[in-house]
Amino acid sequence: MNLVNPTGLWLAALAAPIIGLYILKIRLRRAPVSTIQFWRRIYEEKKPRSIWQRLRHWISLALQLAFLALLTVALADPIFRWQQGQGRRRVLVLDDSASMNAADVAPSRFEAARAECRRIVDGMRLGDETAVIAVGTPPRVLCGMTDHQRTLRDAIDAATPTDGPTRVSDAVALARRLLADGPAAGRGVVVVSDGGFDGAAELSKSNDVEMIAVGGKASNIGITRLQARRSLLDPIGYEILVEVLNASDDPAECRLELDLDDQPVDVVPLKLKPGERVTQIFEKASADGGLLRAKVDHGGALAADDSAVALLPKRSRRKVRLETAGDLFLEKVFEAMPLVDLEVVKDPAAKPSPGAPPALTVFDGRTPEVLPPGPILVISPESSSALWKVADKIQDPVVAKQDGDSPLMTHIRLDRILMPEARKLVLEASAKPKVLAETATGDPLYAVLDRPEGKVVVLTVDLDKSDLPLQTAFPIMTTNLLSWLSGSQGELREAIATGATTETPLPAEADPRANRVLRPPTGPDRPLPTAAASIGLGPLDRAGIWKVVRITPPPESKGDAKAAPTEQTLLEIACNVGDRRETDLRPPEGLEARPEPALAGLFSRPLWFYLVACAWGLTSWEWFLHQRRWID
């Protein structure tokens, strides 16, 4: 036997004062009495009748010395040699993914898994060491190797469930690295999970992994995908893509509801076969953007995938100034666009209307001497400018080549358009021209030119003689042009899956007092750098709307009242449970749940604990005997 703390034996020196106190005798006070015959009679009636009454003080002294001896040995912390080297080293892998929030096990699978981890920690034997890893996104060590059970329990209690995907394989690899430094004997990984991850069956058969499965074969219906974007053709239209999965062995019926800013958009009943995945596309119209939410009723045991969110950008109105001699078709094309405020100017000398500058200025059949600032569309220019020179006319041009990769040419074909006449232009190379459509001889018919004051788009076709204004290609051309100038081609603000990361450009803060934080749907804010030009966000482990918020403290004031800081939302990100494996709550086939890890038996605590317990028992016994003598 060895002693962990041999200096504790000095406590035995207290035996000397204890024995001295028992040897000391108390001198009795003498008192005169008239006779002693009555005292002698009482003494004869109450003679000591047992050895205990004669030796009671010696037994009390022995009990006190035994109590001291037990405390002294306990303080020295004895340990047997066979106990050294018998400790086990294990790593608990706690699954905190989205599927662990399922309520088929009360109150949830995650709480059941946490209870299993506490039970394993409470059953640690002398010399055992345990670490705790949360599966998370990414896996993280909640507590390193330790034999302190309270620290382990605190780490388990501090773990919180997420809506992210399962990363058990990565967590097991991390656990094996933690165990690599210690002895090979008695080490292993204990995975507490519902098995809802790829490779669960193979992992459960590993020699160094013990699997404790929580949860049962629960049925679930969830939304595994939701995306929304603005239409490329309709200025106020948008498209919704929804995917619903029936993760059960039985057919199911549910109702899919779509809301935009809490206003009903559509309600669709769904009949799903066992294991069926249904994808539907909805085309709707709304100039106002907002929060789009999809919900299914009777979703099942997991609530996180019963709803999904997406952000629909708002379409703002654009001011268009049209200078024309009276082209009715051209006016009607712009008037038919629902988000265009058209200003028709027939007098070239007219001054621009007050207010914000136009988003697009269109010159039909004429070219001013000096092009105004801002985006410009010139149709069939009659005179030269700083960006091009006008040459002879082109008779019956045919489009031989067009740039299909340009967003300005999306859904447009000009090779079948009747164009009896067009202007021949020589584009200045300094303007970095990009030809979108050209003839077989290489003459540009539709081109974009660059300049510091704004983009210039030139269409050399004479619209009075062409049938282009009567074709569907022309309104699509104007829609593409306005969308391209505003930088909103399709305006897709993609909803990302939980557990993912994203990078977004944000300008550096000019105010040194301002701070930026990442605000999750639930939980505390996460600080962000303020000087970086691009910020990485994530992992986003909660389903809902994440926000990048700029917080500016109030200016210092001499008054007693302190103003609240101002907050400005810089960015919003929609995040959903987009993992079909998390929606499927059924355990995988071939999963082998091994016997539960061996726990400590009755004598699981160190020897000093039982010595202290014996000392406490002796003290209680001595107190009982003393009280009994006092009663007698």
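Here the structure is a predicted model, which means the values were calculated and not measured. (Residues numbered from 1 in each chain as written. Predicted model: local features only at pLDDT ≥ 70, side-chain atom pairs only at ≥ 80, totals over all residues. Heavy atoms only, no water.)

Enquirer: It is not clear to me how a nonpolar patch on the surface should be interpreted in this structure. Could you clarify?
Expert: Nonpolar side chains collect at one region of the surface, where Val-33, Ile-36 and Trp-39 lie side by side and expose about 340 Å² of accessible area between them. As for its placement among the helices and strands, Trp-39 is situated in helix α2 (residues 37-45). (Patch = residues over 30% accessible without salt bridge, like charges linked within 9 Å, V, L, I, M, F, W, Y side chains within 5 Å. Areas by Shrake-Rupley, 256 points an atom, 1.4 Å probe, with all protein chains shown as cover. Salt bridge = Lys/Arg side-chain N within 4 Å of Asp/Glu carboxyl O. Helix = DSSP H or I, 4+ residues; strand = E, 2+ residues; numbered from the N terminus.)

Enquirer: Teacher, can you tell me more about the pairing of strand β24 (residues 456-459) here?
Expert: A regular strand carries its side chains on alternate faces of the sheet. The alternating pattern of β24 places Val-456 and Val-458 on one face and Val-457 and Leu-459 on the opposite face, and all of these are buried. Relative to β24, strand β18 (residues 376-379) is paired through 4 bridges, and the arrangement is parallel. Looking across to β24, one finds that Ile-376 is bridged to Val-456. Direction of pairing for strand β23 (residues 444-449) relative to β24: antiparallel, over a ladder of 4 bridges. (Buried < 20%, exposed > 50% of the residue type's maximum accessible area, 1.4 Å probe, protein only. Pairing = 2+ DSSP bridges.)

Enquirer: Any chance you could explain the environment of Ala-325 here in plain terms?
Expert: Checked against the element boundaries, Ala-325 lands in the loop between β15 (318-323) and α8 (328-335). Along the chain, Ala-325 and Asp-347 lie 22 residues apart, while their C-alpha atoms are 8.1 Å from each other.

Enquirer: Sorry, what's going on with the nonpolar core here?
Expert: In a soluble, globular protein the nonpolar side chains are often hidden away together inside. One finds Val-362, Leu-414, Leu-459 and Leu-468 to be the most contacted residues of the largest nonpolar core, which totals 35 residues. Of all the secondary structure elements, the ones that give two or more residues to this core are β15, α8, β17 (360-364), β18, β22 (434-439), β23, β24 and α9 (473-485). Discounting chain neighbours no more than four positions away, the residues touching Val-362 are Val-320, Arg-321, Leu-322, Glu-323, Leu-330, Phe-334, Leu-377 and Ile-379. Core analysis: the second largest hydrophobic core is formed by 24 residues, Ile-221, Val-242, Leu-258 and Ala-294 among them. (Core = buried A, V, L, I, M, F, W, Y, C linked by side-chain atoms within 4.5 Å. Contact = heavy atoms within 4.5 Å.)

Enquirer: Which parts of the structure should I look at to understand the packing of helix α4 (residues 109-122) against helix α5 (residues 149-158)?
Expert: The description of two helices packed together rests on the angle between their axes and the distance between the axes. Here α4 crosses α5 at 175 degrees, and the two axes come no closer than 10 Å. Considering the angle they form, α4 stands roughly antiparallel to α5. Judged by residue contacts, Arg-114, Cys-117, Arg-118, Val-121 and Asp-122 of α4 engage Gln-149, Leu-152, Arg-153, Ile-156 and Asp-157 from α5. Among the residues making up the contact of α4 with α5, the classes are represented as 4 nonpolar, 1 polar and 5 charged. (Axes fitted to C-alpha atoms, helices over the stretch in contact; angles between N-to-C directions. Parallel < 35°, antiparallel > 145°, perpendicular 65-115°, else oblique. Nonpolar A, V, L, I, M, F, W, Y, C, P; charged D, E, K, R; others polar.)

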